[in-house]
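# Fold and geometry: a report
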Amino acid sequence: MPGRVRTRIPPSTRAFRALLSLYPSEFRDEYGREVVMVFEDRHRDASGIGQRALVWIEAIAGVLTEAPKEHARMVLQDLRFAARLARRSPAFTLTAILTLALGIGANGAIFQLIDAVGLQALPVRAPRELAEVRIAGGNKGFGINPGTYGGLTRPVWQEIEAHQEAFSSVAAWALSDVRVGERSSLQRQRAIVVSGEFFNTLGVRPHRGRLLDAADSVSVPCPGSKAVVSHGYWQRALGGREIGKGDALLKVDGAPFEIVGVTPPGFFGLAVGETFDIALPFCVPKVLRRDLFSVGVFGRLRPGWTIDRATAHLDALSTGIFEAAAPTDYSPDAIKRFKEFRLEAASFARGASWLRSEYTTSLRLLLAIAGLVLLIAAANLANLLLARASAREREVAIRLAIGASRGKLIRQFLAESVLLAALGAVFSILLARILSRALVWALTTEGSAPTLTLATNWRVLLFTAAVACATCIVFGVAPALRATGIRPAEAMKSGGRGATESRGHLATQRVMVVTQVAVSLVLLVAALLFVRSFRNLMTFDPGIRLDGISIAFFGYPETKLPPERLADFQRQLVDEIRRLPGIVNAATTTNIPLLGASWEHGLQIGAVENSAKFTWVGPEYFNTMGVPILEGRGFSVRDTRESPRVAVVNQTFVRNFGGGARVIGQTLRTSPEPGFPSTVYEIVGVIPDTRYSDIRNPTPPMVFAPDAQYPGLGPWAVVMIQSRIDPAAAVAAIAQHMSKAHPEIVAESTLFQARVRDRMVRDRLLATLAGFFGILAAVLAMVGLYGMISFAVAQRRQEIGIRVALGANRRTVVTMLLRDAARLVAIGVTIGMVLSLAAGRAAPALLFGLEPHDPLTLGLAAIVLTVVAGAASYLPARGASRLDPLAALRHD
């Protein structure tokens, strides 16, 4: 028998075929044979290494040119096939797209807000060259800290400006509320007060006229004379009229300012989330406070300088700067602490932001929660795709039997997932814009509304694309691998649904259901924690009256009253308010409780030295705020400027300074501060503990003194008002009275309870969104479990029919199926408990009145999810128990 003729394949051809083997079989079959033949002919005819090298280059270039085209053709073919399948099942397609759009859109909305608050750079020239100058570790409450962004004092800023070498230019700024207009039409506006190099350092160009420069602030006595307005204020309040000709004047806090320019439209200042209306120059005050931390300082780094190098330079200057700028009217220990402060530089490319410091942690937590919801939704879609792939087993088996490769079939299944994910991502971008604006609205309070640039920039698009791809992998890969992993012979058998492959499908679904239950429990725990925390805040008794209280702010600098008359005039205003119809009581205070403000004095009582919160209040303050006197007495009209200094303290003060013993009759001495000399007060009363600056913070030692004895008394007053009528009506009545009786007084009013609740916006946002996501997670888990049990019933239809035919009753069938579901739920709940305990470590600072591992919350979440899972499992199990045995046995 003659031997087989073996054709020798040249090494060059084998190498080229190896190159082609890297490409799909379709490309090798349709394009590769011709390419190999041409390559062999040219390579055989080539003489010399040079010509053969050219043949290789031409062949490789041809493969690299044609392969992408072939790939694109195959991808388009798979997508067209996926689109046809999507049109055939519109209900499934719309459900999948809506689910993905909601899941990806929620993640995109939260990320868009994170991007706006914390990732976008300032809209100025080369923002990455900007650096902030600050005290390392903060000033630890030293002196007076009136603003959110004021980290340094004016004298410290002046020393930095005079001696620094790290910056090509350096500037200072502060935010302030001003009143603009004539007395009859005053409006509160937001002002940014800046040094002369502010706009030059930022590289901001004027939209109209010119911007403020050094000549507008250096050695100019207060209040100054030049101003710049923002583009929005120029359009809104000034009608876009011509600027810079000397005829555009504004009256700001009673002083005339000439408007010399308009800032560009995109410039909102340096505080992200806030904007300004008017820019005013720094001026030279009559008295420059050396303990007032009211300005922020930043500069533009010199070429070649880095943040670390600038920090080292500022640290070397710190001793001299704080020595020269130290306040004088403080105790030696306090001045020593001031001189030990050290300066550092930090990146200022993203500006400053109260929203960033307040909400970044919350938004990241919400993003994680939304991501878990999307994971549950993806698992549900994977279950649906598995069920649909199960129905296509014979189609896949036939295609495999006639020669289709598994890779091609996987590509087609993945194309369906990619199409759904892409459509979901497209709609999610539109939905994210709506949801992100809703989130900004949710952050709006009575006092302010965030001003954020919610742009669909490359970061948002990249995040959306990454989430869509990750989601596609989660819900697309498992069905694709499962659907193409069947054996054609098994799939072609009658009753193949009971085969091993179908059991494999069911096993995959079981894993996904366990995952859904575990993640759903984590989300339910988070939802219950934040909802209960918010409820605790809303129902917590701070120890003072909230209902029926309004706040009135009065300013009367134009009265030109001498200091010795201010207390009497203030008492007169309070008496007038108290006599208005519907008003029960009224009293002044130097600090409104629960709104974040704080005033602290160092003091000594006996041998104990420490500090306590100080507030000066009117005689009826405790009655107005519903605070009882536990021991001793409160204040009266007899506690005047000339009478002995007296004080009322709280129980925490008694414990900290008196060791719990009686303190009535003892004296305390305050430490000296500028404008507040060391003073001796006799303790005449004790009140119960109340919250001070915030409901969340524990009660500090507190001291109250009569308002007439307040050393800093000025032509202004804050009055707490109790009314028996609606507080809004009381506010309107007060405004009407003041406009008639005292038109020279600036009067503003607000509702106390509304302002307190404004400070709970973060908690409300967390409770609302976490609660929504928790409910959505439970619903998705229920749908997933329902689908899994329904799929199991379909797979075990013949088995159930046989059991019923052999005498099994309905209860037995239901119990059998519920037992399977219970095992999955138990495993999922156990895993979820472990994950909840681990995840809870990130939440303690965001909770109030309970711990992340609160047993009641964990148990309630487990019970709710178990009940939901039981309901979802019972319905298909009950349907299975009613199967007709004959119909089930005939079912293919």
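Thresholds, definitions, all that
- Residue indices begin from 1 for each chain and proceed along its sequence in written order.
- Only residues with pLDDT of 70 or above have their local features reported here, since the model is predicted, and side-chain atom pairs are shown and tallied only from 80 upward, although totals for entire chains, interfaces and linings are computed over all residues.
- Remark: hydrogens and water are excluded; side-chain values derive from all non-hydrogen atoms of the structure.
- What counts as a helix is a DSSP run of H or I of at least four residues, what counts as a strand is a run of E of at least two, and both are numbered from the N terminus.
- The contact criterion used is simple: two residues touch if any of their non-hydrogen atoms lie within 4.5 Å.
- For helices, the fitted axis covers only the stretch in contact; all axes are lines through C-alpha atoms, and the angles between them, taken along N-to-C directions, range from 0 to 180 degrees.
- An angle counts as roughly parallel when it lies under 35 degrees, as roughly antiparallel when it exceeds 145, as roughly perpendicular when it falls between 65 and 115, and as oblique in every other case.
- The sense of a crossing depends on the near helix, which, turned anticlockwise from the far helix by less than a right angle, makes the crossing left-handed and, turned clockwise, makes it right-handed.
- Polarity classes work like this: nonpolar for Ala, Val, Leu, Ile, Met, Phe, Trp, Tyr, Cys and Pro, charged for Asp, Glu, Lys and Arg, and polar for all others, with Gly in that last group.
- We call a pair of cysteine sulfur atoms a disulfide when they lie within 2.5 Å.
- Note on exposure labels: buried denotes an accessible area under 20% of the residue type's maximum, exposed denotes more than 50%, and partly exposed covers the range between, all computed with a 1.4 Å probe on protein chains only.
- Cavities and pockets were defined on a 1 Å grid built over protein atoms only: a cavity is a set of grid points that admits a 1.4 Å probe from which the probe cannot escape, a pocket is an open set flanked by protein on both sides within 12 Å along at least five of seven lines, and lining residues are those with an atom within 4 Å of any such point.
- Grid points are joined across faces, edges and corners, and a volume is the space filled by probe spheres set on the points.
- Working definition: a ring pair exists when centres of Phe, Tyr or Trp rings (six-membered ring for Trp) sit within 6.5 Å. Plane angles under 30 degrees give stacked, over 60 give edge-to-face, the rest tilted.
- Strands are labelled as partners when DSSP assigns at least two bridges between them.
- What we call a nonpolar core is a set of buried Ala, Val, Leu, Ile, Met, Phe, Trp, Tyr and Cys residues that are connected through their side-chain atoms within 4.5 Å.

## Topic: the side chain of Thr 670
- Structurally, Thr 670 is set in strand β18 (residues 667–670).
- Ignoring sequence-local partners within four residues, the contact set of Thr 670 consists of His 601, Gly 602, Leu 603, Phe 614, Pro 677, Ser 678, Thr 679 and Tyr 681.

## Describing the packing of helix α5 (residues 154–163) against helix α8 (residues 307–324)
- Relative to each other, α5 and α8 sit at 130°, their axes nearing to 10 Å. Of the possible angle classes, the one that applies to α5 and α8 is oblique. The two elements α5 and α8 cross, and the hand of that crossing is right-handed. In this structure, α5 uses Val 156, Glu 159, Ile 160 and His 163 to contact α8, whose residues at the interface are His 313, Leu 317, Ile 321, Phe 322 and Ala 324.
- Considering only residue class, the contact of α5 with α8 consists of six nonpolar, two polar and one charged.

## Considerations on the state of the cysteines
- For the coordinates displayed, the defined rule picks out one disulfide.
- Paired through a disulfide, Cys 222 and Cys 283 show a sulfur-sulfur distance of 2.0 Å. On the sign convention where negative means left-handed, the S-S torsion of about 90° between Cys 222 and Cys 283 marks this disulfide as right-handed. With Cys 222 in the loop between β5 (208–209) and β6 (226–229) and Cys 283 in the loop between β9 (278–281) and β10 (293–301), the pair connects residues that are 61 residues apart, well separated along the chain.
- Note on Cys 222: relative accessible area 37%, which makes it partly exposed.
- In this structure Cys 283 comes out as buried when scored by relative accessible area, which is 11%.

## Re the layout of surface pockets
- Estimates place the volume of the second largest pocket at around 400 Å³.
- Taken together, 21 residues line the second largest pocket, and the ones lying closest to its centre are Leu 435, Leu 439, Leu 769, Phe 772 and Phe 773.
- Elements supplying a minimum of two residues to the lining of the second largest pocket: α4 (90–119), α10 (354–391), α12 (406–442) and α21 (761–795).
- Per-element tally for the lining of the second largest pocket: the top contributor is α21, with seven residues.

## Some thoughts on the packing of aromatic side chains
- One pass over the full model with this rule turns up 30 aromatic pairs.
- Relative to Phe 463, the ring of Phe 111 lies with its centre 4.2 Å away and its plane at 5°, an arrangement referred to as stacked. Taken together, the residues Phe 111 in helix α4 and Phe 463 in helix α13 (residues 458–484) connect sequence positions 352 residues apart.
- Note on Phe 111: relative accessible area 13%, which makes it buried.
- Given a relative accessible area of 18%, Phe 463 falls into the buried group.
- A centroid spacing of 5.5 Å and a plane angle of 45° characterise the contact between Phe 142 and Phe 338, whose relative ring orientation is tilted.

## Side note on the sheet that holds strand β13 (residues 583–588)
- Taken together, four strands build an open sheet; the order of strands is β13-β21-β12-β22 and the sheet is antiparallel. In the strand order of this sheet, the two ends are held by β13 and β22 (746–751), each with one partner. Neighbour-to-neighbour, the strand axes of this sheet turn through a mean angle of 25°, independent of strand direction.
- Alignment of strand β12 (residues 549–555) against strand β21 (residues 716–723), held across seven bridges, turns out to be antiparallel.

## Let's talk about empty space enclosed by the protein
- Taken as a whole and judged by the stated rule, the model has seven cavities of 30 Å³ or more.
- Within this model, the largest cavity holds a volume of roughly 90 Å³.
- Around the largest cavity, the lining residues are Ile 544, Asn 591, Pro 593, Thr 615, Tyr 621, Val 627, Ile 687, Thr 690, Arg 691, Tyr 692, Met 702 and Phe 704.
- In the lining of the largest cavity, the residues fall into eight nonpolar, three polar and one charged.

## Observations regarding the nonpolar core
- If you look at the biggest cluster of nonpolar residues, it comprises 108 residues, and the most contacted ones within it are Trp 173 and Phe 198.
- Tallying contributions element by element places α10 first for this core, with 17 residues.
- Counting residues in each nonpolar core, the second largest holds 73 residues, with Val 649, Ile 687, Met 702 and Ile 721 among its members.

## Concerning the pairing of β9
- Where burial is concerned, the two faces of β9 agree: the one with Ile 278 and Leu 280 and the one with Ala 279 and Pro 281 are both buried.
- Note that strand β4 (residues 187–194) and β9 share four bridges and pair parallel. Within the sheet, the bridge partner assigned to Val 194 lies in β9 and is Pro 281.
- Here β6 runs beside β9; their pairing, made up of two bridges, is antiparallel. Across the sheet, the residue bridging to Val 228 is Ala 279, located in β9.

## Details of the pairing of strand β8 (residues 255–262)
- Counting buried positions over the eight residues of β8 gives seven, a clear majority of the element.
- Pairing geometry for β5 and β8, over two bridges, is antiparallel. Bridging from a neighbouring strand, Gly 209 pairs with Gly 261 of β8.
- Two strands pair when backbone bridges link them, and β6 and β8 are joined in this way by four bridges, in the parallel orientation. Its bridge partner being in β8, Val 229 is matched across the sheet by Val 262.

Any link to function would need more than the numbers given here.
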